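Observations on the model geometry
Residue-level listing of the chains:
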Amino acid sequence: MPSNWEKIVSITKGGVKSIGMIKQKIQRGKKIALLIDGPNILRKEFNVHLEDIVAALEELGNIRVAKVVLNQYAPQGLIEAIANQGFEPIIVAGETGVKLAVEAMREIYNQNIDIIALATRNAEFLPIILKAKEKGKETAIIGIEPGFSAALKHAADYVIALERGEDNEEIIIQDTKKRRKKI
C-alpha cells in the first residue's frame, strides 16, 4: 500500500542524511478556489475550524487557491492562525463583501480552476454563484446555521453544511445536482 508520506533527505559529503518526513498532497481531479467570508463564517459562536472546511472540500478535489477576506477589526491572532493554515489573509478597510466578490470574479476567469467554493451564509453572493455557473465552473457553498441562505443552497452545485453540537461535529455535503434529479 503506497504511503502518502515522503522522506526528505540531504546529500552531504558524509553521505545521505534523513532530514524528516513531509506529507505528500494526493492529486485529485478538480482544482478548487476557496474563498472565505471571514466576518461571516469565522465567528467564535460558530466554532468553525479551517481544517473542517478543507477536509470537506478534499472530497471534491484539490484546493489550489485559499483566501480569507477579513475586515480591519480582525484580531492579529486570527490573521496569524489563518496564515499558519496556509491560507492567504486579505485585510480590507471597507466592505469585505466587495473584496470577496472581486476575488471570486478573478477565480471565475482563471482557466486553471474547476470549482469555485465560497464559505459564507450571505445571499448577497448569489450573483457570484450564478456567474460562475454561466462560465462553466462548478460551485460549492460552505455555510453554517443560523442564517445560511436558502438561495445559496439551491443555486450551488455542492452544499457543505457545517453543523456543530456540544458532543459531535458533523459535516454534511449535499450534491444539489443529484438532489434535483430525484425531484
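Please read all numbers here as calculations on a predicted model, not as lab measurements.

**A word on the nonpolar core**
Core analysis: the biggest nonpolar cluster contains 29 residues, and L34, I36, I53, L57, F87 and I142 have the highest contact counts within it. Secondary structure elements with two or more residues in this core: strand 3 (30-37), helix 2 (50-57), strand 4 (61-71), helix 3 (76-84), strand 6 (115-119), strand 7 (138-144) and strand 8 (158-164). With residues near it in sequence (within four places) discarded, L34 still touches I53, L57, I63, V65, A66, K67, F87, A117 and I142. Counting residues in each nonpolar core, the second largest holds 23 residues, with V65, V69, A132 and A156 among its members.

**A look at the layout of surface pockets**
To find leftover empty space, a probe the size of one water molecule is rolled over the atoms. Counted as a void, the second largest pocket has a volume near 430 Å³. Lining the second largest pocket we find 19 residues, and of these L42, R43, P75, L78 and I82 sit closest to its centre. Contributions of two or more residues to the lining of the second largest pocket are made by helix 1 (38-41), helix 2, strand 4 and helix 3. Among the elements that take part in the lining of the second largest pocket, helix 3 stands out by supplying three residues, more than any other.

**A word on the pairing of strand 6**
Where burial is concerned, most of strand 6 is hidden: five out of the five residues are buried. Burial along strand 6 is two-sided: the face carrying I115, A117 and A119 and the face carrying I116 and L118 are both buried. With five bridges connecting them, strand 3 and strand 6 associate as parallel partners. Along strand 6, the bridge assignment pairs I36 with A119. Judged from the five bridges that link them, strand 6 and strand 7 form a sheet pairing that is parallel.

**Considering helix 5 (residues 126-134)**
All of the buried residues in helix 5 are I128, I129 and A132. Taken around the axis of helix 5, the buried residues stretch over an arc of 100°, which confines them to a single face. Facing away from the buried side of helix 5 by more than 90 degrees, the exposed set consists of P127 and E134. At its buried positions, helix 5 is contacted by helix 4 (96-108), strand 6, strand 7 and helix 6 (150-155). Just beyond helix 5, the residue with positive phi is G136, at close to 90°.

How each quantity is defined
- Residues numbered from 1 in each chain as written.
- Predicted model: local features only at pLDDT ≥ 70, side-chain atom pairs only at ≥ 80, totals over all residues.
- Heavy atoms only, no water.
- Core = buried A, V, L, I, M, F, W, Y, C linked by side-chain atoms within 4.5 Å.
- Buried < 20%, exposed > 50% of the residue type's maximum accessible area, 1.4 Å probe, protein only.
- Helix = DSSP H or I, 4+ residues; strand = E, 2+ residues; numbered from the N terminus.
- Contact = heavy atoms within 4.5 Å.
- 1 Å grid on protein atoms, 1.4 Å probe; cavity = no way out; pocket = protein on both sides within 12 Å on 5 of 7 lines; lining within 4 Å.
- Points joined across faces, edges and corners; volume = space filled by probe spheres on them.
- Pairing = 2+ DSSP bridges.
- Arc of directions from axis to C-beta.

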